[in-house]
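# Chain and residue survey
What follows is each chain in one-letter form.
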Amino acid sequence: MKTLNIALFGCGTVGSGVYSLLSEVAQKITWRTGATFRVAKVCVCDLQKERPVQIPPELLTTDGTALLDDPAINVVVEVIGGEAQALGIITRALVNGKQVVTANKLVVAKYLPLLRRLEELHGGRLLYGASVCGSVPILKLIDETLPFDHVNKVRGILNGSTNFILSRLADGVSRTDALAIAEREGFLEADPTADISGADAAQKLSILIYHAFGVHLSPDAIPTTGIEYITERDLEHAHAGGSTIKLVAEAWREHGIVKASVAPRLLPLGDPLAAVRDEVNIVEVTCEGVGVQHFTGRGAGSIPTANAVVTDLLDIVKDRRYRPHQPTAPPPIHALLNRVAA
Ligand SMILES: NC(=O)c1ccc[n+]([C@@H]2O[C@H](COP(=O)([O-])OP(=O)(O)OC[C@H]3O[C@@H](n4cnc5c(N)ncnc54)[C@H](OP(=O)(O)O)[C@@H]3O)[C@@H](O)[C@H]2O)c1
């Protein structure tokens, strides 16, 4: 594909980062790849809103449907967040055979089998590197390991906000102050429930499981406990015993069955996960052949996430697709659609 005519859905934290990064690197991309990346339209809710980036008014629209059905648009970037409307955008784009890039872990985690089926049926493509660990290209790394190895376990810190809060509690800051600092630093959403309850980590773990084990485990099926009740006193006790507390997301095989959990865990200070502080993410992948590997980096924020989105756009030019395990027997399309209706 030589010209990417992009419809950018959403221009908030991530979308504005994508727009400004693309404006900055457009010439470099053309020079390196021979392809032109052109943001043709930016779809938002409020045309009058002040944005951190300057967008020519003629690019802004609220008519997403027209963009999804416009044959001149060959790439859709979905960064609006939420579930129903984002799912509608992604599925319509895929049914129209478009290339789709999303950062939406909720939609990807819940509907991955359906989305992959739509990709296959209509010849489009779905890339979602930004949905797990932001700038760390963990899905690609796992995919590339699989042809010659076998993943036995994945374990990690997948949510930057809760790791930031736990790091402040470990510094002796009170729970109330830790939450206030996280909010001030932009690490907490207006509604932080998904972060604090562990739901966000469960969504990311579900996507990792699909890539590492070839099994779709919906985030709702992953036993999940958050950090609602952890205080600075708990961290103090943990440290006195040579440990710390981290929100650990993990999945492993047990007698051929994939098991998973998200929960606060007491980790010895020497554990590689224990050393990861603030908003940083880490994923530990244990493979039969190569053993244990660690991948770490910033998992959220405007520019790290925008970087992951732009990397996916480059992968479209390189004709790269995810190649996770094929789940043993893909369910028929009507069964997948029934799950959406339910
Ligand atoms: N923030 C991060 O660090 C981060 C990291 C990784 C992944 N993600 C994921 O990236 C996605 C976006 O997150 P964000 O933080 O950028 O969200 P955000 O700041 O709330 O921005 C959402 C944007 O979407 C627009 N929007 C909402 N509903 C829309 C609709 N129906 N049609 C068109 N535009 C619509 C909003 O328009 P208006 O501006 O006009 O209101 C806004 O520009 C989410 O799925 C999130 O989970 C975020």
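Remember, it's a predicted structure, so these values are computed and weren't measured experimentally.

## Here we look at the packing of aromatic side chains
Summed over all chains, the structure comprises 2 aromatic pairs. Consider the rings of tyrosine 128 and tyrosine 322, whose centres lie 4.5 Å apart with planes at 50 degrees: the pair is tilted. Here tyrosine 322 lies in the loop between helix H11 (302-317) and helix H12 (333-341) and tyrosine 128 lies in the loop between strand S6 (125-127) and helix H5 (138-145), a separation of 194 residues in the sequence. As far as the burial class goes, tyrosine 128 and tyrosine 322 line up, both buried. With a centroid separation of 4.6 Å and an interplanar angle of 45 degrees, the aromatic rings of phenylalanine 164 and phenylalanine 187 are classed as tilted. Pair noted here: phenylalanine 164 is in helix H6 (residues 160-170) and phenylalanine 187 is in the loop between helix H7 (175-184) and helix H8 (193-196), with a separation of 23 residues, a long-range link. Like phenylalanine 187, phenylalanine 164 is buried.

## Let's talk about the nonpolar core
If you look at the biggest cluster of nonpolar residues, it comprises 107 residues, and the most contacted ones within it are Ile138, Leu205 and Leu313. For this core, the leading source of residues is helix H9 (residues 199-213), giving 9 residues. Two domains share this core, each providing at least three of its residues, namely domain 1 (3-134 + 302-341) and domain 2 (138-298). Among all residues touching leucine 313, those that are not within four sequence positions of it are Leu4, Ile6, Leu22, Phe37, Val75, Val77 and Val101.

The rules we used
- Residues numbered from 1 in each chain as written.
- Predicted model: local features only at pLDDT ≥ 70, side-chain atom pairs only at ≥ 80, totals over all residues.
- Heavy atoms only, no water.
- Phe/Tyr/Trp six-rings, centres within 6.5 Å; stacked < 30°, edge-to-face > 60°.
- Helix = DSSP H or I, 4+ residues; strand = E, 2+ residues; numbered from the N terminus.
- Buried < 20%, exposed > 50% of the residue type's maximum accessible area, 1.4 Å probe, protein only.
- Core = buried A, V, L, I, M, F, W, Y, C linked by side-chain atoms within 4.5 Å.
- Domains from an automatic or database assignment.
- Contact = heavy atoms within 4.5 Å.

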